[in-house]
Amino acid sequence: MRVIICGAGQVGYGIAERLAAEDNDVSVIDTSAALIQRVRDTLDVRGFVGHGGHPDVLAAAGADEAEMIIAVTLYDEVNMIACQVAHSLFDVPTKIARIRAQSYLQDQYRDMFSRDNLPIDVIISPEREVGEVVLKRIALPGATDVVQFADDNVTMMAIECREDCPVINTPLSQLSELFPDLGATVTGVWRNDKLFIAKSSDQLFAGDLVYVISVKGQVRRTLALFGHQETQARRIVFAGGGNIGLYAASRLEKSAIKANLKIIEANRTRAVDVADQLLRTIVLHGSALDQQILREADVQDADLMVALTNDDQVNVLSSVMAKRLGCKSTMTLINDLSYQNFTAALGIDAQINPRAVTISRVLQHMRRGRIRQVHSVQKGQAEVIEAQALETSPLVGKPLREQELPEDVRIGAIYREGVVIKPDGDTIVKANDRVVMFAKTSAVKSVEQLFRVSLEFF
C-alpha cells in the first residue's frame, strides 16, 4: 500500500517504522529538515521537507497514487487541511487525521468531519484514546493492558504471573480440565524478552506476562485465577490536568466508580480552568515533583497515582516519589521508548504508551480483509485482531482442528449473535462470526488472507 504520513515526530516516526517494516510504500512529510533526515537515515521510506497541506509537497510525495494519508503533525489545522487537499486535488481514498483540540470533537459538531465538509474518514484523538486506556486499567486492577472487542463482550488482558500465582508450573491443558466453564483462553506469553503463541502443552512461570482473551463476564474470575485480586482504587491522584487528566477525571465523576479524585496541575490558569469544569475533583496548583504538594494531595494514602503530564521525566520521577511516600500503586504515561525498559525496576506498576495506542488505531485501517479492530502489543511484535468471517473464508465450515491455521496464531474467542464462544478443536466457525485472535506480526498477512473477500463472493 502507498501511504503518505504528514508529521515525523514520535507518532509519525512510529507509524512509518511499522508500515515500512511491512513493506508498504511510505512517504513522510515534515517541515523539520532534521526530523526528515532522521527518517531517511533510519527507515526505508522517502522523506520530504515541506508543509503537509501544500499541494506541491503532497504531489512530490506521490499523492496522486497514494491509497492513504495519515496526518499526525502537532497542529490540528495542518492535519485537517492536509486531508482536505488530499481529497480535493488527489482523490486519496482513505484520510486519517489526529485531532487533539477537544472543541472540534464535541457532539454538536460531529457533522463537520464528513465528505461534504472536511472529508476525514478516521479521526484519532490521542487524549481520548489514552484516557479510555486509563479508565480501563482503573476498572481492572491487576491487568497491565486491557482492550475490549466484539462490542465490549470480549476482553483481552495482559496479566503478570507473580511468584504467588496459583497457575504457574501447570500445563495449560490441565487448567482447561480443572476449570472447564472458564470462558478464557491464554493466547500469548512474553517471557525473557521473547514472545510466543501459547499451546496447550505449555506451562506458565513466575515473571511471565500472559495475554488472555476472556468473556467479559468472567474477567474478574480470570484475574483471580492468576492471583490478582486487587481492589479497585477509591483514592486516585492525577499528576497533570491536561486533556487526558481532565477527560479521565470527568468520566470517573460520571461513572459508577465512587472515587475520591485529586488533580495536581503545574499551570495556574489551567488548574483554575480544570477546577471549573469538574464537580467532585479537588484541583491543586503545583508541581508533581514537590513533595509538599504530593502530601497535600494525600498521595501517601492514595490507592493509585496516575502521572499524565507532557514530560516523561516528571511522570517517572513523580511516580517513584509517590510510591516512596506510601502510594499503593502507580500508572505512568511514557512517550519515550527508552524509558519503558526500566520502569519496573523503579517500582512503577503500569505504563501507558500513547504512540502504541495511536499506531493500533492506524493499523486497524491498514489491514486488508474484514478486520474490525486491531491492538498492537510488545512494541509491534504481535497484534490482537478482531475479524469477521465471510461465507468465502476458508475458516468457515470445518472444525478448527481440521484447519491449517498459521502457526503463530491462536484464536481466543468467537462472537456469534450476541454469544461469546470459547473455541476448542470441535468449534466450527460460521459466516458472519467475529473471531478474536492473538497473532504474531509474522502471521498478520496470513490472517488478512483468511478474512478477505474472494472474487467468488461477487
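Residues numbered from 1 in each chain as written. Predicted model: local features only at pLDDT ≥ 70, side-chain atom pairs only at ≥ 80, totals over all residues. Heavy atoms only, no water.

Structural notes on the UniProt feature "domain: RCK N-terminal" (unreviewed entry) in the chain
Line of reasoning, step 1. Mapped onto this numbering, the UniProt entry gives "domain: RCK N-terminal" (unreviewed entry) at residues 1–124 and 233–354.
Line of reasoning, step 2. Spanning residues 1–124, this segment combines 35% helix with 22% strand, and its end C-alpha atoms are found 20 Å apart.
Line of reasoning, step 3. As annotated, residues 233–354 has a helix share of 39% and a strand share of 21%, and its two end C-alpha atoms lie 22 Å apart. (UniProt positions renumbered as here; feature names shortened; annotations may be inferred. Helix = DSSP H or I, 4+ residues; strand = E, 2+ residues; numbered from the N terminus.)

Considerations on the packing of aromatic side chains
Line of reasoning, step 1. Enumeration according to the criterion identifies 1 aromatic pair in this entry.
Line of reasoning, step 2. Between the aromatic rings of Tyr211 and Phe438, the centroid separation amounts to 5.3 Å while the plane-to-plane angle is 35°, which identifies the pairing as tilted. Taken as a pair, Tyr211 in strand β11 (residues 209–215) and Phe438 in strand β22 (residues 434–440) lie far apart in primary sequence, 227 residues in all.
Line of reasoning, step 3. A cation over a ring is seen here: Arg38 above Tyr13, with NZ or CZ 3.8 Å from the ring centre. (Phe/Tyr/Trp six-rings, centres within 6.5 Å; stacked < 30°, edge-to-face > 60°. Lys NZ or Arg CZ within 6 Å of the ring centre and 35° of its normal.)

Things to note about the nonpolar core
Line of reasoning, step 1. Ile5 and Ile70 are the most contacted members of the largest nonpolar core, which has 44 residues in total.
Line of reasoning, step 2. If you tally residues by element for this core, the top one is helix α1 (residues 10–21), at 6 residues.
Line of reasoning, step 3. If near-sequence neighbours (up to four positions away) are discounted, Ile5 is found in contact with Gly12, Ile15, Ala16, Leu19, Val26, Ser27, Val28, Ile29, Ile70 and Val72. (Core = buried A, V, L, I, M, F, W, Y, C linked by side-chain atoms within 4.5 Å. Buried < 20%, exposed > 50% of the residue type's maximum accessible area, 1.4 Å probe, protein only. Contact = heavy atoms within 4.5 Å.)

Overview of the packing of helix α5 (residues 126–139) against helix α8 (residues 243–254)
Line of reasoning, step 1. At a minimum axis distance of 9 Å, the contact between α5 and α8 shows a crossing angle of 50°. Classified by the angle their axes make, α5 and α8 are oblique. The element α5 and its partner α8 pack so that their crossing is right-handed. Contacts between α5 and α8 involve Glu127, Arg128, Val130, Gly131, Glu132, Val134, Leu135 and Ile138 from the former and Asn243, Ile244, Tyr247, Ala248, Arg251 and Leu252 from the latter. (Axes fitted to C-alpha atoms, helices over the stretch in contact; angles between N-to-C directions. Parallel < 35°, antiparallel > 145°, perpendicular 65-115°, else oblique. Left-handed = near helix turned anticlockwise from the far one by under 90°.)

A short note on the pairing of strand β4 (residues 68–71)
Line of reasoning, step 1. In β4, alternate side chains face the same way, and those of Met68 and Ile70 on one face and Ile69 and Ala71 on the other are all buried.
Line of reasoning, step 2. The sheet contact formed by strand β1 (residues 2–6) and β4 spans 4 bridges and is parallel. Pairing of Cys6 across the sheet is with Ala71, part of β4.
Line of reasoning, step 3. With 4 bridges joining them, β4 and strand β5 (residues 94–98) adopt parallel strand pairing. By the bridge assignment for β5, Ala71 is matched with Ala97.
Line of reasoning, step 4. Taking the sense of rotation as the criterion, the β-α-β connection linking β4, helix α4 (residues 76–90) and β5 turns out right-handed. (Pairing = 2+ DSSP bridges. Right-handed = clockwise from strand over helix to strand, strands pointing away.)

Observations concerning the environment of Leu175
Line of reasoning, step 1. For Leu175, the position within the fold is in helix α6 (residues 172–178).
Line of reasoning, step 2. Residues Leu175 and Gln203 lie 28 residues apart in sequence; the distance between their C-alpha atoms is 9.9 Å.
Line of reasoning, step 3. When residues no more than four places from it in sequence are discounted, the contact partners of Leu175 are Val167 and Thr170.

Digging into the environment of Ala248
Line of reasoning, step 1. Looking at where Ala248 falls in the secondary structure, it is placed in helix α8.
Line of reasoning, step 2. When its relative accessible area of 0% is taken as the criterion, Ala248 is described as buried.
Line of reasoning, step 3. Each C-alpha atom, one on Ala248 and one on Glu127, is 9.3 Å from the other, the two residues being 121 residues apart in sequence.
Line of reasoning, step 4. In this structure Ala248 touches Val134, Leu135 and Phe238, once residues within four positions along its chain are discounted.

Topic: the layout of surface pockets
Line of reasoning, step 1. Counted as a void, the second largest pocket has a volume near 930 Å³.
Line of reasoning, step 2. Contributing to the lining of the second largest pocket are 46 residues, with Leu74, Arg98, Arg100, Glu127 and Asn310 lying nearest its centre.
Line of reasoning, step 3. Only α1, β2 (25–30), α5, α8, β13 (260–265) and α13 (354–366) provide two or more residues apiece to the lining of the second largest pocket.
Line of reasoning, step 4. A class-by-class count of the residues in the lining of the second largest pocket yields 19 nonpolar, 20 polar and 7 charged. (1 Å grid on protein atoms, 1.4 Å probe; cavity = no way out; pocket = protein on both sides within 12 Å on 5 of 7 lines; lining within 4 Å. Points joined across faces, edges and corners; volume = space filled by probe spheres on them. Nonpolar A, V, L, I, M, F, W, Y, C, P; charged D, E, K, R; others polar.)

A closer look at the sheet that holds strand β9 (residues 184–191)
Line of reasoning, step 1. Pairing in this open sheet of 5 strands is antiparallel, and the strands run β7-β8-β11-β9-β10 from one edge to the other. Taken across any chain shown, the strands that pair with only one partner, and hence form the sheet edges, are β7 (143–149) and β10 (194–197). Sheet twist, expressed as the mean angle between neighbouring strand axes with direction ignored, is 20°.
Line of reasoning, step 2. Bridge count between strand β8 (residues 154–160) and β11: 7 bridges; the pairing is antiparallel. Note that in β11 the partner of Met157 across the bridge is Val212.

A short note on the UniProt feature "domain: RCK C-terminal" (unreviewed entry) in the chain
Line of reasoning, step 1. On the UniProt side, "domain: RCK C-terminal" (unreviewed entry) is annotated at positions that read residues 144–228 and 372–453 here.
Line of reasoning, step 2. The span residues 144–228 is 16% helix and 38% strand, and its two end C-alpha atoms sit 11 Å from each other.

A closer look at the pattern of salt bridges
Line of reasoning, step 1. In total, this model carries 24 salt bridges according to the counting rule given.
Line of reasoning, step 2. Here Glu230 ties to Arg162 by a salt bridge, and the two come within 3.4 Å at their closest N and O atoms. Taken together, the positions of Glu230 in the loop between α7 (219–225) and β12 (235–239) and Arg162 in the loop between β8 and α6 put the pair 68 residues apart, joining distant regions of the chain.
Line of reasoning, step 3. Members of the salt-bridge network, linked through shared partners, are Arg2, Asp25, Arg46 and Glu65. (Salt bridge = Lys/Arg side-chain N within 4 Å of Asp/Glu carboxyl O.)

With respect to α13
Line of reasoning, step 1. With 13 residues, α13 extends 19 Å between its outermost C-alpha atoms, agreeing within 8% with the 18 Å of an ideal straight helix rising 1.5 Å per residue.
Line of reasoning, step 2. Of all 13 residues making up α13, 11 are buried, and the element is well covered by its neighbours.
Line of reasoning, step 3. Along α13, the residues that are buried comprise Pro354, Arg355, Val357, Thr358, Ile359, Ser360, Arg361, Val362, Leu363, Gln364 and Met366. (Expected span 1.5 Å × (residues − 1).)

Some details on the sheet that holds β1
Line of reasoning, step 1. Pairing in this open sheet of 6 strands is parallel, and the strands run β3-β2-β1-β4-β5-β6 from one edge to the other. Looking at strand neighbours, the two that pair on one side only are β3 (46–49) and β6 (122–124), the edges of this open sheet. Between one strand axis and the next, the sheet turns through 15° on average, direction left out of account.
Line of reasoning, step 2. In this structure, β1 lies alongside β2, joined through 5 bridges in parallel fashion. Each residue of the ladder has a partner; that of Arg2, found in β2, is Asp25.
Line of reasoning, step 3. Contacts from α1 reach β1, β2, β4 and β5 within the one sheet, and its direction differs from that of β1 by about 165°.
Line of reasoning, step 4. Sheet strands touched by helix α2 (residues 33–42): β2 and β3. Its angle to β3, the strand with the most contacts, is close to 170°.

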